[in-house]
Amino acid sequence: MNIYIFHSEGKPELRAFAGDAGGSKLPSQFRPWHAVGVVGTGKALPHKISRATVEDAIEAKGFQLWRIKSPPIE
């Protein structure tokens, strides 16, 4: 399965994985969503995120959300 990566414009630290290039099942409260990449079948996801967990969530809900940690304030 290809896994598509999206970025939320409404909540900048929020990202999502989806099973379709259009992100049709992504939550509307965090729109607009912008596609920022795709991870091919069998390839590792960024940040050591479990591919099996993401695939299970996509099959169950159509997406998996995750957040980018904010850099520390100096």
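The preceding data block contains the structure.
1. Some remarks on the pairing of strand β2 (residues 14-18)
Okay, step 1: With respect to burial, β2 is a largely interior element, five of its five residues being buried.
Okay, step 2: Side chains L14, A16 and A18 of β2 all project onto a buried face; the interleaved residues R15 and F17 project onto the opposite face, where all are buried too.
Okay, step 3: Turn length for the strand β1 (residues 3-8)-β2 hairpin, with the two strands adjacent in sequence and antiparallel, is five residues.
Okay, step 4: Pairing geometry for β2 and strand β4 (residues 63-67), over five bridges, is antiparallel. What sits directly across from L14, in β4, is R67.

2. So, the environment of G42
Okay, step 1: Inspection of the secondary structure assignment puts G42 in the loop between β3 (33-39) and α1 (51-61).
Okay, step 2: Judged by relative accessible area, G42 falls into the exposed class, the value being 65%.
Okay, step 3: Separated by 10 residues in the primary sequence, G42 and P32 have C-alpha atoms spaced 28 Å apart.

Parameters and conventions
Residues numbered from 1 in each chain as written. Predicted model: local features only at pLDDT ≥ 70, side-chain atom pairs only at ≥ 80, totals over all residues. Heavy atoms only, no water. Buried < 20%, exposed > 50% of the residue type's maximum accessible area, 1.4 Å probe, protein only. Helix = DSSP H or I, 4+ residues; strand = E, 2+ residues; numbered from the N terminus. Pairing = 2+ DSSP bridges.

Just distances and angles here, no functional claims.
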